[in-house]
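Report on the structure
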Amino acid sequence: SIAHRIISGLGSAVDSSGAWRCARQSLHVGSTASCAEFQLNTVRAESFYDSTVEKYAAQDVEVLSLRQMLSFGRNAWNDPDKVLKSARYVQRELPKRLARRLLDLQLLPYIVVTNPHIKKVYNQYYISFETLRRVPTIRTLEENQDFCQLLRQHLDSHAPMLDSLATGLRECKSKELVGSCLRMDSFFDSMLRSRISRRVIAEQHLHINNKRPAFIGIICTDLDVHDSIDFAVQKTKQVCMETYGTAPDVVVSGDPHVTIPYIPAHLDYMLYELLKNAMRAVVEQGRAQQAARQAQAGGAGNPAFSCPPPKLPPVHVRVCPGLNGTLTVRITDQGGGIAEEFIDKVWSYGFTTIGRSAAASTHSSSSSTSGSGGKDGVGPDVVEGLGSGMVQQVAAGAGGSGSAATASSGGGGSSTGGRRQQQPGGGLQVLMRGPGGHSRYQMAGLGFGLPLSRLYARYFGGDLRLQTIPGYGVDAYLTLRRLEEHEWEEHVDEPSTL
Ligand code: ADP
Ligand code: K
Ligand code: MG
């Protein structure tokens, strides 16, 4: 039972030195019951064990089908009743879902849960849980307005949590403090799936009374797949140029008129991650080939023998309509493929091969593998990947920010920027950009691209698979399901999975 799990989790959480106290909640909440007064940080999370969390976590979550979401959201902008109903759904659901993840965090080994980054995540979750559960039932549109403001603040404050979680667990892993990779991956799966679902629920409500052509809330009913691909190609090329000083061409083919109902930010994220992986592989493969030729021709570093850079083979993207309302985007590269020994590992959160080869050295000083050393986010740090046993060089530190996330989601190409400007950041782009516009993980290095993209794909009933020919290249198959044809079983926040 949950209670039992808490108790056993607590066993390991009580520090014999007394440094860690299982303090009861110490809350400082405004006494008036108006929603507007439940401002962020009015609740201080110090508490570790709190039976309220347990109580909420034990409640059933209300599963929402996508069909419901679409039919409910249709014309909601014109219907105050629907808006209020939606608000009350959000206010009922979020605390339960947060509570389930709080339990997961509580049940992490003591040494993990006391890591400062993980503690930060825990506190943020706890603050949101306590704040949102105390909001009085929304009865008027004015109250809803306040509630929406509050919701937005919480979404923004959670944007950097993904990086904190990753950094915290990477630190723990580097000290061999966490259990098996498999357990960590399933912990991440449920934490991040929950995060996706909470953000979808919250963003859907925040946009439910926006009247936008071809949108129901945040779902675009007619998303132009080629448009999304063009947007991602443009963005990836730019980052690739900044990182390596070169980028392969991308050839897009397939029915140019295909549209699907989907959340644009989700598709953008997956395409961007897959294209980055493909381009990086091609560029690094090109560099490796050039270095080999150079060595053969008479020695590396000798300008007299300098070989011209090889022509990079293009990346091919093909949109393939499938059966049963599916659509597959195939991304093909000739970047040398994935070595046999890494084929399973690439799906582990935190696994990356950045820093493993000389060819990975980058062009720009702001990119992921360059810069100065240090543990606090100023540069590369040699640690173990979360999901692998091998030593990798990755940049440490929390590089994301909510506001930058929004900026990056709106910074698209001229043809698509306008549409995307109104898209939810969703916290997705937190991995793309840091506060200064540059992320340490511009091109690669966080090790979240593949597993998180697969989670997004699966969230709406799709999938992501890789086919690799080691020594030659990779085919990535991103399968999407037409949302309207799919009785989307909303991915419930599972009860604690640890
Ligand atoms: P990251 O890109 O941050 O390293 P990912 O999860 O996106 O994390 O990918 C994990 C690893 O999988 C990469 O570091 C790389 O070694 C390998 N990989 C992914 N896609 C490709 C590809 N198209 N070609 C070769 N290797 C790839
Ligand atoms: K990975
Ligand atoms: Mg990647």
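Structure report, in brief. The structure displayed is predicted, hence computed values, not measured ones. Within any chain, residue numbers begin from 1 and follow the written order of that chain's sequence. Chains and ligands are labelled by the order in which they are written, letters from A for the one and numbers from 1 for the other. Residue-level local features of this predicted model are given only where pLDDT is at least 70; pairs of side-chain atoms are given and counted only at 80 or more, and the full residue set underlies all totals for whole chains, interfaces and linings. Note that the side-chain values use all heavy atoms of the structure and ignore hydrogens as well as water.

1. Structural notes on the overall build of the chain
To be explicit about the condition: Here a helix means four or more residues in a row that DSSP labels H or I, a strand means two or more in a row labelled E, and each is numbered from the N terminus. Exposed residues in this analysis have more than 50% of their type's maximum accessible area, buried residues have under 20%, and partly exposed residues fall in between, with area computed by a 1.4 Å probe over protein chains only. In this description, contact between two residues means that some pair of their heavy atoms is separated by no more than 4.5 Å.
Across its full length, the chain holds 14 helices and 10 strands. Of all 498 residues assigned to the chain, the portion counted as buried reaches 55%. Sequence separation of at least 24 residues holds for 77% of the intrachain contacts in the chain that already meet a minimum separation of 6.

2. As for the coordination of the potassium ion (ligand 2)
For clarity, the cut-off: Here a donor is an N, O or S atom found within 2.8 Å of the metal, or within 3.2 Å if the metal is Na, K or Ca; sites may look incomplete because water is not among the atoms.
Coordination of the potassium ion (ligand 2) by the protein is provided by Val346 (O), Ser348 (O), Phe351 (O) and Gly447 (O), with metal-donor distances spanning 2.7 to 2.8 Å. Each donor residue of the potassium ion (ligand 2) belongs to the same chain, and together they define the spacing V-x1-S-x2-F-x95-G. Like phenylalanine 351, serine 348 is buried.

3. Here's the deal with the packing of aromatic side chains
Our working definition: Stacked, tilted and edge-to-face are the three classes assigned to paired rings of Phe, Tyr and Trp, where Trp is represented by its six-membered ring and a pair needs centres within 6.5 Å; plane angles under 30 degrees give stacked, over 60 edge-to-face, the rest tilted. Placement of a charge over a ring requires the Lys NZ or Arg CZ to be within 6 Å of the ring centre, with the centre-to-atom vector within 35 degrees of the ring normal.
Across all of its chains, the model carries 11 aromatic pairs by this definition. Residues tyrosine 262 and phenylalanine 460 carry aromatic rings whose centres are separated by 5.6 Å and whose planes lie at 70° to one another, so their mutual orientation is edge-to-face. Placement of tyrosine 262 in strand S4 (residues 259–262) and of phenylalanine 460 in the loop between helix H14 (449–459) and strand S9 (463–469) is noted, with a sequence separation of 198 residues between them. Judged by its relative accessible area of 0%, tyrosine 262 falls in the buried class. Residue phenylalanine 460 is classed as buried on the basis of its relative accessible area of 0%. Every member of this aromatic cluster is reached through a ring pair, and the members are Tyr56, Tyr122, Tyr126 and Phe129. Taking the ring centre of phenylalanine 215 as reference, the NZ or CZ of arginine 212 above it sits at 3.8 Å. Across the ring face of tyrosine 272, the terminal group of lysine 235 is positioned such that the distance to the ring centre comes to 5.6 Å.

4. Structural notes on the environment of glutamine 289
Residue placement: glutamine 289 occurs in helix H11 (residues 264–297). Residue glutamine 289 is classed as partly exposed on the basis of its relative accessible area, which comes to 39%. For the pair glutamine 289 and proline 309, spaced 20 residues apart in the sequence, the C-alpha separation amounts to 8.9 Å.

5. What to know about the packing of helix H10 (residues 225–244) against H11
The criterion, for reference: Whenever a helix is involved, its axis is fitted only over the stretch in contact; in every case the axis is a line through C-alpha atoms, and angles between N-to-C directions fall within 0 to 180 degrees. In this scheme, roughly parallel covers angles under 35 degrees and roughly antiparallel covers those over 145, while 65 to 115 is roughly perpendicular and the rest are oblique. Here a crossing is called left-handed whenever its near helix is offset anticlockwise from the far helix by less than a right angle, and right-handed whenever the offset is clockwise. Note on residue categories: nonpolar means Ala, Val, Leu, Ile, Met, Phe, Trp, Tyr, Cys or Pro, charged means Asp, Glu, Lys or Arg, and polar means any other residue, Gly included.
One way to put it is that H10 packs onto H11 with a least axis distance of 9 Å and a crossing angle of 40°. When the axis of H10 is compared with that of H11, the two are oblique. The handedness of the crossing between H10 and H11 comes out as right-handed. Side by side, H10 and H11 meet where Ser228, Ile229, Phe231, Ala232, Val233, Lys235, Thr236, Lys237, Val239, Cys240 and Tyr244 of the first sit next to Leu267, Asp268, Leu271, Tyr272, Leu275, Lys276, Met279, Arg280, Val283, Glu284 and Arg287 of the second. For the contact of H10 with H11, the per-class residue count stands at 13 nonpolar, 2 polar and 7 charged.

6. Regarding the nonpolar core
Buried together is how nonpolar side chains tend to be arranged in soluble globular proteins. Which entries qualify depends on this criterion: What is meant by a nonpolar core is a set of buried Ala, Val, Leu, Ile, Met, Phe, Trp, Tyr and Cys residues, joined one to another through side-chain atoms within 4.5 Å.
One finds Leu105, Leu165, Leu192, Met270, Ile331 and Leu478 to be the most contacted residues of the largest nonpolar core, which totals 107 residues. With 11 residues, the top contributor of residues to this core is H11. The residues touching leucine 105, leaving out its near neighbours within four places in the chain, are Val113, Ile118, Val121, Tyr122, Tyr125, Leu165, Phe187 and Met191.

7. Structural notes on the sheet that holds strand S6 (residues 326–333)
The cut-off we apply is this: At least two DSSP bridges between two strands are needed for those strands to be called paired.
Strand order across the open sheet formed by 5 strands is S3-S5-S6-S10-S9, with mixed pairing between neighbours. In this open sheet, the two strands that pair with only one neighbour each are strand S3 (250–254) and S9. Strand-to-strand twist in this sheet, taken as the mean axis angle between neighbours without regard to direction, amounts to 15°. Along the sheet face, H10 touches S3, strand S5 (315–321) and S6 and points at about 175° away from the line of S3. Helix-sheet contacts for H11 involve S3, S5, S6, S9 and strand S10 (473–481), and the interaxial angle to S6 is about 20°.

8. Description of the site of ligand 1
As a reminder, the rule being used: We call a residue near a molecule or strand as soon as one heavy atom of that residue lies within 4 Å of the molecule or strand. Any pair of nitrogen or oxygen atoms within 3.5 Å is treated as a polar contact; in protein, a donor-acceptor pairing is required on top of that, and neighbouring residues in sequence qualify only through side-chain atoms on both sides. Only the protein chains shown count as cover for residues, and the accessible areas themselves come from Shrake-Rupley with a 1.4 Å probe.
Ligand 1 sits among 19 residues. The nearest are Asp333, Thr352, Thr353, Gly445 and Gly447. In the model, an oxygen atom of ligand 1 is placed 2.5 Å from a nitrogen or oxygen of the threonine 353 side chain. Within the complex, 92% of the 530 Å² of free accessible area of ligand 1 lies under protein. Among the elements of the structure, H11 and H14 are those that each provide at least two residues to the shell around ligand 1. For the shell around ligand 1, the residue count by class is 10 nonpolar, 7 polar and 2 charged.

9. Points about the pattern of salt bridges
The line we're drawing: We define a salt bridge as a side-chain nitrogen of Lys or Arg found within 4 Å of a carboxyl oxygen belonging to Asp or Glu.
Going through the model one piece at a time under the given rule, you end up with 13 salt bridges. With a shortest N-O distance of 2.9 Å, arginine 97 and glutamate 93 are connected by a salt bridge. Residue arginine 97 and its partner glutamate 93 are located together in helix H4 (residues 80–106), separated by 4 residues, close to a single helical turn. Relative accessible area serves as the criterion here: at 0%, glutamate 93 is assigned to the buried category. Here the salt bridges share partners, and the residues they tie into one network are Glu62, Arg92, Glu93, Lys96 and Arg97.

10. A look at the sheet that holds strand S2 (residues 219–224)
Strand order in the open sheet formed by 3 strands is S1-S2-S4, and the pairing between neighbours is antiparallel. Looking along the sheet, the strands with just one partner apiece sit at the ends: strand S1 (215–216) and S4. Against the sheet, H10 touches S2 and S4, its axis set at about 80° to S2.

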